[in-house]
Amino acid sequence: MLETEVKGKRKLELEEIRRDFPLLGREVHGRPLVYFDNGATTQKPKRVIDTIERYYSLENANIHRGVHYLSQQATTAYEEARKKVANFIGAASDREIIFTKGTTDSINLVAFSFGESLKEGDEILISHLEHHSNIVPWQMLCERKGCVLKVIPMNDRGELIQEEFEKLLSTRTKLLALSHVSNSLGIVNPVREMIRKARDYGARVLIDGAQSVQHTTIDVVDLDCDFYVFSGHKIYGPTGVGVLYGKESVLDAMTPYQGGGDMIKTVRFEKTTYNELPFKFEAGTPNIVGGIGLGAALDYLSEFDMHEIEAHEASVSAYLGACLKEIDGVRIYGESEQKLGVQSFLVEGIHPFDLGTILDQQGVAVRTGHHCTQPIMDFYQIPGTVRASFAMYNKKEEVDVFMNALERAVKMLK
Ligand SMILES: *Cc1c(COP(=O)(O)O)cnc(C)c1O
């Protein structure tokens, strides 16, 4: 573990941290749980659970519309949470933070609203590594508007082929929509350089941060992306809430996504005027407790040094990677040096679903299947992988339990 101490930050004492997450103390099938499915969703610290319980027990009211005490208090808490998000990702202003339902919802918002400005023949560039939610909304936009979807190819190691990316860029490219980290392979894309190259052609850039924001320090101004999206539930917060960061000037120029209450200034049958940012994009009563719960999750994470979390998770992941290589017939998918949070693999001759089932019987939770990235599975011509994905609370001892369980499973299935 990294021994550098940052002033005022809590050290990553694993046993102490694990006690902050009540669920980690439970058993599954009579065995202590080893939770290696953090790429699908993370567990929640008590601080988040308590915040949600307190909100519904003592603070519940609708926001932005009441003169009464509870409504004002709830409004303040929700808007404070928005500021916490802005600070956490280095946004210039909290007007640039739109609360959504999650990554999928954020991408659909951009595909619809930003998409309204696109014309026939305009090109949208995505990559072979994208999650379905960063593919399908663009296909739907292309059908609606007659735009053309282009795909940056990958190589056998799971990396995007940069020369091909450069060849695909042109002044017709209006948007590059790219994952920061692949949820399936853990590959970290060189987003900073790719954003710069896309900018040279005047393209806007959306970064899917669903698998990066919880693992590494994010500064959207430094990255210089136009949009950055992520889900609350993968960063220790509740489900049903997520974030769309957008540059103020870009969001200002976009038409609203949905119409309704809260997103308007005045409504007349002749003409309606829209509210200012960020409310223009938040029609209807939002997921108030979700936003406040996400704020509590970011408060929790901010107690620690993000660099220490990143180094710790990298060491757990690298340890698992090294152990896997010792086993006959294992292939790890995603072989770049630049990986975060995920080890994806297969054992020759064994279906990933069978492996996952026998791991589960031993209390080990992993994900098996295509991980919402069917094009990657098609590329490798495999039905899916077994994916172990990590969070701040995972430890090397769990990797040892995992490896014992895996060796037993392989013996049973071979
Ligand atoms: C999980 C995930 C999504 C979708 O997130 P939801 O919370 O299901 O909306 C999109 N992209 C990546 C990279 C993901 O890991």
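Residues numbered from 1 in each chain as written. Predicted model: local features only at pLDDT ≥ 70, side-chain atom pairs only at ≥ 80, totals over all residues. Heavy atoms only, no water.

**Q** I'd like to hear about the site of the ligand, residue by residue, with values.
**A** Around the ligand sit T103, T104, H131, S133, N183, D208, A210, Q211, S231, H233 and K234, and that is every residue in its neighbourhood. Between the ligand and Q211, the relevant distance is 2.7 Å, taken from an oxygen atom to a side-chain nitrogen or oxygen of the residue. Considered on its own, the ligand offers 390 Å² of accessible surface; in the complex 85% of this is hidden by protein. (Near = heavy atom within 4 Å. Polar contact = N/O pair within 3.5 Å; in protein donor to acceptor, adjacent residues only side chain to side chain. Areas by Shrake-Rupley, 256 points an atom, 1.4 Å probe, with all protein chains shown as cover.)

**Q** I'd like a rundown of unusual backbone geometry, residues and numbers included.
**A** In the segment running from L277 into P278, the intervening peptide bond is cis, with an omega of 0 degrees. Its place among the elements puts P278 in the loop between β12 (272–274) and α10 (288–302). With a phi angle near 70 degrees, Y236 is a residue other than glycine that sits in the positive phi range. In this fold, Y236 is placed in the loop between β9 (227–231) and β10 (242–246). On the accessibility criterion, Y236 (0% relative accessible area) is buried. Non-glycine residue Q381 carries a positive phi angle of around 55 degrees. You can see Q381 is positioned in the loop between α13 (374–380) and β17 (385–389). A relative accessible area of 72% places Q381 in the exposed class. (Helix = DSSP H or I, 4+ residues; strand = E, 2+ residues; numbered from the N terminus. Buried < 20%, exposed > 50% of the residue type's maximum accessible area, 1.4 Å probe, protein only.)

**Q** Please provide a residue-by-residue account of empty space enclosed by the protein, values included.
**A** The tally for this structure, following the rule as stated, stands at one cavity of 30 Å³ or more. The calculated volume of the largest cavity comes to roughly 30 Å³. Partitioned by chemical class, the residues of the lining of the largest cavity number three nonpolar, six polar and one charged. Here the lining of the largest cavity spans two domains, and each of domain 1 (14–44 + 305–413) and domain 2 (50–301) adds at least three residues to it. (1 Å grid on protein atoms, 1.4 Å probe; cavity = no way out; pocket = protein on both sides within 12 Å on 5 of 7 lines; lining within 4 Å. Points joined across faces, edges and corners; volume = space filled by probe spheres on them. Nonpolar A, V, L, I, M, F, W, Y, C, P; charged D, E, K, R; others polar. Domains from an automatic or database assignment.)

**Q** Quick one: what's the story with the packing of helix α12 (residues 352–361) against helix α14 (residues 396–413), residue by residue and with numbers?
**A** For any two helices packed against each other, the geometry is given by the interaxial angle and the distance between the axes. Look at α12 against α14: their axes get within 9 Å of each other, and the N-to-C directions meet at 125 degrees. The angle between α12 and α14 places the two elements in the oblique class. Considering the relative orientation of α12 and α14, their crossing is right-handed. Where α12 abuts α14, its residues D354, L355, I358 and L359 lie against F402, A405, L406, A409, V410, M412 and L413. Considering only residue class, the contact of α12 with α14 consists of 10 nonpolar, no polar and one charged. (Axes fitted to C-alpha atoms, helices over the stretch in contact; angles between N-to-C directions. Parallel < 35°, antiparallel > 145°, perpendicular 65-115°, else oblique. Left-handed = near helix turned anticlockwise from the far one by under 90°. Contact = heavy atoms within 4.5 Å.)

**Q** Outline the pattern of salt bridges, supporting the account with residue identities and numerical values.
**A** Summed over the entire model, instances satisfying the criterion amount to 28 salt bridges. Between E398 and R18 there is a salt bridge, with the nearest N and O atoms lying 3.3 Å from each other. Taken together, the residues E398 in helix α14 and R18 in helix α1 (residues 14–19) connect sequence positions 380 residues apart. The residues E398 and R18 share a single accessibility class, namely buried. The residue R192 makes a salt bridge to D222 at a minimum N-O spacing of 2.9 Å. Of this pair, R192 sits in helix α7 (residues 191–200) while D222 is found in helix α8 (residues 220–223), placing the two residues 30 residues apart along the sequence. Each member of the salt-bridge network shares a partner with another, and the members are R10, E16, D20, R47, K84, D299 and E303. (Salt bridge = Lys/Arg side-chain N within 4 Å of Asp/Glu carboxyl O.)

**Q** Explain the layout of surface pockets to me, using residue names and the numbers behind them.
**A** There is about 720 Å³ of room inside the largest pocket. Contributing to the lining of the largest pocket are 31 residues, with V188, E337, Q338, K339 and L340 lying nearest its centre. Among the elements of the structure, α7, α8, α11 (306–325) and β13 (330–333) are those that each provide at least two residues to the lining of the largest pocket. Of all the elements, α11 adds the most residues to the lining of the largest pocket, at seven residues. Partitioned by chemical class, the residues of the lining of the largest pocket number 10 nonpolar, 11 polar and 10 charged. Two domains each donate at least three residues to the lining of the largest pocket, and these are domain 1 (14–44 + 305–413) and domain 2 (50–301).

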